[in-house]
Amino acid sequence: QVQLVESGGGLVQPGGSLTLSCAASGSGFSINAMGWYRQAPGKQRELVAVITKDSSIQYADFVEGRFTISRNNGKNTVYLQMSSLKAEDTAVYYCAVDVHITYWRTYWGQGSQVTVSS
């Protein structure tokens, strides 16, 4: 069994910065892609960024160079550094990790509320 624990959400003013982290714990597993999704009230969950094991990265168009995804394979942790935050970035952010134990499946974090408001 694998558990994902997110941290780093909160309230930030427009133009501010915030860093999310998501750590995977357990035993007997391996990880491929790690990513971040978000879901705003009344909207569908959408991809923010994803990073593969060999560090290939994909960002959603709305990121516009404001966010940086990274990972520490030794710590099984993925990060999302967000800067120049806008009100429309307000959402619950979820990490998603592709994990192999006996087969591949995606695990989800518990969600972190990010609120951008003055």
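Because the structure is predicted, anything quoted here is derived from the model rather than measured.

> Explain the overall build of the protein chain residue by residue, including any values.
When you go through the protein chain residue by residue, the secondary structure sums to zero helices and eleven strands. Going from the N terminus to the C terminus, the protein chain shows its helices and strands as β-β-β-β-β-β-β-β-β-β-β. Relative to the globule expectation of 13 Å for 118 residues, the C-alpha radius of gyration of the protein chain, 14 Å, shows essentially globular dimensions. With respect to the three principal axes, the spread of C-alpha positions in the protein chain is 45 × 25 × 25 Å. For the protein chain, the residues scored as buried account for 40% of the 118 residues in total. Counting only contacts in the protein chain whose residues sit at least 6 apart along the sequence, the fraction spanning at least 24 positions is 53%. Within the structure as shown, the protein chain displays about 6,300 Å² of accessible surface, and the carbon and sulfur contribution to it stands at 46%. Side-chain charges in the protein chain split into 9 positive and 8 negative, and the spacing between the mean points of these groups amounts to 6 Å.

> Outline the pairing of strand E4 (residues 30–39), supporting the account with residue identities and numerical values.
With eight bridges connecting them, E4 and strand E9 (residues 91–100) associate as antiparallel partners. Its bridge partner lying in E9, Tyr 37 is registered against Tyr 94. Sheet topology places E4 next to strand E5 (residues 46–51); five bridges connect them, and they run antiparallel. In the sheet register, Trp 36 faces E5, and the bridge partner there is Ala 49.

Cut-offs and rules
Residues numbered from 1 in each chain as written. Predicted model: local features only at pLDDT ≥ 70, side-chain atom pairs only at ≥ 80, totals over all residues. Heavy atoms only, no water. Helix = DSSP H or I, 4+ residues; strand = E, 2+ residues; numbered from the N terminus. Rg over C-alpha atoms; globule rule 2.2 N^0.38 Å. Buried < 20%, exposed > 50% of the residue type's maximum accessible area, 1.4 Å probe, protein only. Contact = heavy atoms within 4.5 Å. Areas by Shrake-Rupley, 256 points an atom, 1.4 Å probe, with all protein chains shown as cover. Lys, Arg positive; Asp, Glu negative; His and termini not counted. Charge placed at Lys NZ, Arg CZ, Asp CG, Glu CD. Pairing = 2+ DSSP bridges.

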